[in-house]
Amino acid sequence: LSHRQLDLSYITTKIIVLGPPARDVPEAIAGNPINELCEYFEVNQPSAKILIFNLNDRSFDEARYKSKVLSCGWPQRFPPRLKQLLLVCLSMHKFLLQNPKGFAVVHCEDGKSQSAMLCSAYFLFNQVFRAPSTCLQLYGKKRFPDGHHGLVLPSHKRYLDYLAQVRSEGMARHLHCRPVKMKQLILSSSPKFNMHRTGCKPVVEVTYGDSQVWVSADVQQLEKCRSYTDADGPIKVPLDGLAVGADVKVAVYHVRHLSSLKTTTARMFSINFHTSFISPDADRIGFSLSDVDSIASNVSKYPSEFTAIIRLEVLPESQSDPTIDVWQKLNKIPPSKQSPCFLTPEEDEEVRQTYGERLLLSLSLSHETSS
């Protein structure tokens, strides 16, 4: 921490990560008092242009900071949609190129996962590094004393892998925008979520984009859901041939009976993926326990060899997907000699060499391209 113990870190000389600004006294004791943040920027960057990337639900006082604020967040426990992530990276890139002495300031709800996601994504976008693990290593070293990167969900890492693939030379040509017909979800064995820790009563929800599009049982049907134990073998849930495309979330819940009159659900795990990265010849995609998003305290409720498999069919006809247009445009942008992530070429080269990746030329946007 720096400047009177503000929760503020320079990931590079041009990218700053903040903990959430605090308005009220209880928050200010533990967080970033908003008046001290204002003072910090007035003293340390009095004439520099600053673009603030607001990744949480709180509003940011643009007039008070004398800075432009881009509100571009997503739910904390899930990855952003891939198109959204690409467009936010593009906004950061345009700003830093157009303002060589400007600063990109990022903040989120906890100062950890969402900020780690955006900073790492921008390093991949800008081709500072090719491997998501290297981006996370740099972020962790700069942000936290113990070097932990703060990115805890497998789906976050999966989406960084997607972005790395999009930025790989020629990879975008092999991606498709075909919808996928989802046929069946298969759990290799029953997680232990019931009261006696012998099994579970699963209900499955599928979200496509921002809306729930399918659920295996609605609220009135929860009591009729089947219970499973290990003796039943794999759990097989029909997905009714649901056709989806782009960003998809499959969430699996356990039905709890609080009383004879009240039933509720508790999330067991969820899987987030993008259909453009599924091979056209695939008839299934599989996820191990380390690939699904689950609460850490629930890991003991799964067998170590647990897997979730989605049986599917990639349909032949293409659908309109604006994400494809975004990344195809990105791969036409010519390289430049220095990354806008850094203030000097020396910092650029030192960071790349320190973290063990070959020097790569970064993206560049001309004024005409960005306008």
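Now for a description of the structure that goes with this document. Since the structure is predicted, the reported quantities are computational estimates derived from the model, not experimental observations. (Residues numbered from 1 in each chain as written. Predicted model: local features only at pLDDT ≥ 70, side-chain atom pairs only at ≥ 80, totals over all residues. Heavy atoms only, no water.)

What follows concerns the overall build of the protein chain. A tally of helices and strands in the protein chain yields 10 helices and 19 strands. Of all 371 residues assigned to the protein chain, the portion counted as buried reaches 54%. For the protein chain, restricting intrachain contacts to residue pairs at least 6 apart in sequence, the fraction spanning at least 24 positions comes to 73%. In the form shown here, the protein chain has an accessible surface area of approximately 17,700 Å², with 50% of it arising from carbon and sulfur atoms. (Helix = DSSP H or I, 4+ residues; strand = E, 2+ residues; numbered from the N terminus. Buried < 20%, exposed > 50% of the residue type's maximum accessible area, 1.4 Å probe, protein only. Contact = heavy atoms within 4.5 Å. Areas by Shrake-Rupley, 256 points an atom, 1.4 Å probe, with all protein chains shown as cover.)

Every buried residue of helix α9 (residues 345-354) is accounted for by Glu347, Asp348, Val351 and Arg352. One side of α9 holds all its buried residues, which, seen down the axis, span an arc of 125°. The outward face of α9, more than 90 degrees from its buried face, is lined by the exposed residues Glu346, Glu350, Gln353 and Thr354. (Arc of directions from axis to C-beta.)

Their axes nearest at 9 Å, the elements helix α5 (residues 113-125) and helix α6 (residues 132-143) cross at an angle of 125°. Taken together, the axis directions place α5 and α6 in an arrangement best described as oblique. Relative to α6, the crossing made by α5 is right-handed. On α6, the residues touching Ser115, Ala116, Cys119, Ser120, Phe123 and Leu124 of α5 are Pro132, Cys135, Leu136, Leu138 and Tyr139. When the residues that make up the contact of α5 with α6 are grouped by side-chain class, the tally is nine nonpolar, two polar and no charged. (Axes fitted to C-alpha atoms, helices over the stretch in contact; angles between N-to-C directions. Parallel < 35°, antiparallel > 145°, perpendicular 65-115°, else oblique. Left-handed = near helix turned anticlockwise from the far one by under 90°. Nonpolar A, V, L, I, M, F, W, Y, C, P; charged D, E, K, R; others polar.)

Glancing now at the packing of aromatic side chains. Per the stated rule, a full pass over the model turns up 10 aromatic pairs. Taking 6.3 Å as the distance between ring centres and 70° as the angle between the ring planes, the aromatic pair formed by Tyr139 and Phe144 counts as edge-to-face. Considered together, Tyr139 and Phe144 belong to a single accessibility category, that of buried residues. Taken together, the aromatic side chains of Phe193, Phe269, Tyr302 and Phe306 make up a single cluster linked through ring pairs. The ring of Phe78 carries Lys249 above its face, with NZ or CZ at 4.0 Å from the centroid. The positively charged end of Lys301 is found above the aromatic ring belonging to Phe193, 4.7 Å away from the centroid. (Phe/Tyr/Trp six-rings, centres within 6.5 Å; stacked < 30°, edge-to-face > 60°. Lys NZ or Arg CZ within 6 Å of the ring centre and 35° of its normal.)

With that settled, consider the environment of Pro100. Inspection of the secondary structure assignment puts Pro100 in the loop between α4 (82-98) and β7 (103-107). Judged by relative accessible area, Pro100 falls into the exposed class, the value being 53%. Put simply, Pro100 and Pro340 are 240 residues apart on the chain and 7.0 Å apart in space, counted from C-alpha to C-alpha.

As a further point, take the pairing of strand β8 (residues 180-187). Across a regular strand the side chains alternate sides, sitting on one face of the sheet and then on the other. Most of β8 sits inside the fold, with six of its eight residues counted as buried. In the sheet, β8 pairs with strand β13 (residues 235-244) via seven bridges, with the strands oriented antiparallel. Each bridged residue has a counterpart across the sheet, and for Leu187 the counterpart in β13 is Ile235. By the bridge criterion, seven bridges tie β8 to strand β17 (residues 307-314) in an arrangement that is antiparallel. For Leu187, the partnering residue across the bridge sits in β17 and is Ala308. (Pairing = 2+ DSSP bridges.)

The next point concerns the side chain of Arg158. Inspection of the secondary structure puts Arg158 in helix α7 (residues 154-167). Although Arg158 lies buried, it forms no salt bridge, and the closest oppositely charged side chain, Asp291, sits 4.7 Å away as judged by the N-O distance. At a separation of 2.7 Å, a polar atom in the side chain of Arg158 contacts the main-chain carbonyl oxygen of Asn272. Looking at Arg158, its side chain comes within polar contact range of the main-chain oxygen of Asp291, at 2.6 Å. Apart from the residues within four sequence positions on either side, Arg158 is in contact with Ile271, Asn272, Phe273, Phe287 and Asp291. (Lys, Arg positive; Asp, Glu negative; His and termini not counted. Salt bridge = Lys/Arg side-chain N within 4 Å of Asp/Glu carboxyl O. Polar contact = N/O pair within 3.5 Å; in protein donor to acceptor, adjacent residues only side chain to side chain.)

Moving on to unusual backbone geometry. One non-glycine residue, Gln127, adopts positive backbone phi at about 60°. Inspection of the secondary structure puts Gln127 in the loop between α5 and α6. Judged by its relative accessible area of 22%, Gln127 falls in the partly exposed class.

A separate point is the side chain of Ser270. As for its position among the elements, Ser270 is in strand β15 (residues 263-274). Taking relative accessible area as the criterion, Ser270 reaches 0% and is therefore assigned buried. Side chain to side chain, Ser270 and Arg267 meet in a polar contact 3.0 Å long. Residues in contact with Ser270, not counting those within four places in the same chain, are Phe78, Lys249, Val250, Ala251, Val292 and Asp293.

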